[in-house]
Amino acid sequence: MYDLAVIGGGPAGLAAAYSAYEKGLRNIVILERDKELGGILNQCIHNGFGLHRFKEELSGPEYAHRYIEMVQDTSVEVKLDTMVIEITPDKKIFINSPSGYECIEAKSIVLSMGCRERTRGAISIPGTRPSGVFTAGAAQRYLNMEGLMAGKRVVILGSGDIGLIMARRMTLEGAKVLACVEVMPYSGGLTRNIVQCLNDFDIPLYLSHTVTDIRGDKRLEGLTVMKVDENRRPIPGTEMEFDCDTLLLSVGLIPENELTRGAGIEMDPRTNGAYVFENMETSIEGVFACGNVVHVHDLVDFVSDESARAGAAAAEYVQNGAVKGDVIRLQNGADVGYTVPQKIHRDTKADKIDIFFRVRSVFGKSQVIVSAGDTEIQVFKRPYMAPGEMQHIVIAADKLKGYDTITVTAKEA
């Protein structure tokens, strides 16, 4: 039996395993379905990673390699090309590996399966079904890992970070990116990516617009873009026609939680991830979750920080047992989409609580208010907030212990 099984060998799983090892666990295994560690970072050859975690700017593969080297210097076992089929509430893990189908057991589990992209089927674009329609991540893999260009004349639907980065990447490789089209009245990506990937290359961003028709037989030949109203319905008379051979979809990410649901873990419909405590424990004792499988992050540095907490908590669970007792609940107030964690152990051993959330609209000078009923516990000032950028506040655990329910609210200052 393993002390800890980490499901997923991307940045979250690597950080969790390494942190658990640092806290004293020795019998640890990472289960990774791919043929190498590193996860999505292996195809993210652009820089901008590691500024928070390593205090220097790295590419995705460089960031992943840092953690891979750290894990290789430990006794952590790694099983590659290993698909986890099922996990059970009593921590049995059924896997299919090169050695066949088997069941392993662990005293604790960290779920770090990451997330996947929404596809065309998830957003129901009308029109024909030619080739030339890709998710932005698939196009990124083709170009950066396989050396294949997705197309020459490109429109990007959605302004998520992968789509923005691919606008720049394909432009640098000689493609013409005609436009980035976003159905919401604000971008879904980081401000720095809008500036560096669109503005610096004179690529127009059409907010409150969407693709309403796709044309082409064997290959995409063109598409129609229309402005939408406040209910996201196309407005007649606003049609724009684009002659293009490629459409990249950057329309959101979905946490990979089939295993989580199968285990009967309580899920949060706001994040599509598990409900977690401040130590990243799920509703099943000894099963923890971290990274994009809990909620979609904007920076991998934050994934690593969160996952390190999960790994340390898994070690604490194996060594000293579960944290018991009453629960303080966190909930989102006005203009906040969700909070992570959703629960706090009243008897937590943590001195401070890290709270992550996203706002529902764009704010200028604003405030984040942590309250219990009519009592303001703490107020945080912000110069700017947007839905595309994850927000983070830290509050002393002692300030929360006298309350049963805590609300996080955002408002203009």
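Residues numbered from 1 in each chain as written. Predicted model: local features only at pLDDT ≥ 70, side-chain atom pairs only at ≥ 80, totals over all residues. Heavy atoms only, no water.

A. A look at the state of the cysteines. Within the structure shown, the criterion is met by zero disulfides. Here Cys197 is not cross-linked by a disulfide; its sulfur's nearest cysteine counterpart is in Cys180, at 10.0 Å. (Disulfide = S-S within 2.5 Å.)

B. Main features of the sheet that holds strand 21 (residues 336–340). As summarised here, the arrangement of the three strands in space is 21-23-26, forming an open sheet in which the pairing is antiparallel. Edge positions in the sheet fall to strand 21 and strand 26 (391–396), since each has one partner strand and no second. Each neighbouring strand pair of the sheet contributes to a mean axis angle of 25°, computed without reference to strand direction. Two elements, strand 21 and strand 23 (residues 352–359), share four bridges in a ladder whose sense is antiparallel. (Pairing = 2+ DSSP bridges. Helix = DSSP H or I, 4+ residues; strand = E, 2+ residues; numbered from the N terminus. Axes fitted to C-alpha atoms, helices over the stretch in contact; angles between N-to-C directions.)

C. Expanded view of the nonpolar core. Counting residues in each nonpolar core, the largest one holds 66 residues, and the members touching the most others are Ile7, Ile93 and Leu111. Sorting elements by how many residues they give to this core places helix 8 (residues 300–320) first, with eight residues. Residues in contact with Ile93, not counting those within four places in the same chain, are Ala5, Leu31, Val84, Glu86, Ile87, Glu102, Cys103, Ile104, Ala106 and Ile109. Listed in part, the 22 residues of the second largest apolar core include Phe363, Met385, Ile395 and Ala397. (Core = buried A, V, L, I, M, F, W, Y, C linked by side-chain atoms within 4.5 Å. Buried < 20%, exposed > 50% of the residue type's maximum accessible area, 1.4 Å probe, protein only. Contact = heavy atoms within 4.5 Å.)

D. Inspection of the pairing of strand 1 (residues 2–7) at higher detail. Of all the six residues making up strand 1, six are buried; the element is thus mostly covered by neighbouring parts of the structure. Here five bridges tie strand 1 to strand 6 (residues 100–111), and the two strands are oriented parallel to one another. Paired with Ile7 across the bridge in strand 6 is Leu111. By the bridge criterion, four bridges tie strand 1 to strand 2 (residues 28–31) in an arrangement that is parallel.

E. Summary view of the side chain of Ser307. Take Ser307: it is sitting in helix 8. Overall, Ser307 belongs to the buried group, its relative accessible area being 0%. At 2.7 Å, the side chain of Ser307 and the backbone oxygen of Val303 are in polar contact. Setting aside residues up to four positions removed in sequence, Ser307 forms contacts with Ala12, Ala15, Ala16, Cys290 and Gly291. (Polar contact = N/O pair within 3.5 Å; in protein donor to acceptor, adjacent residues only side chain to side chain.)

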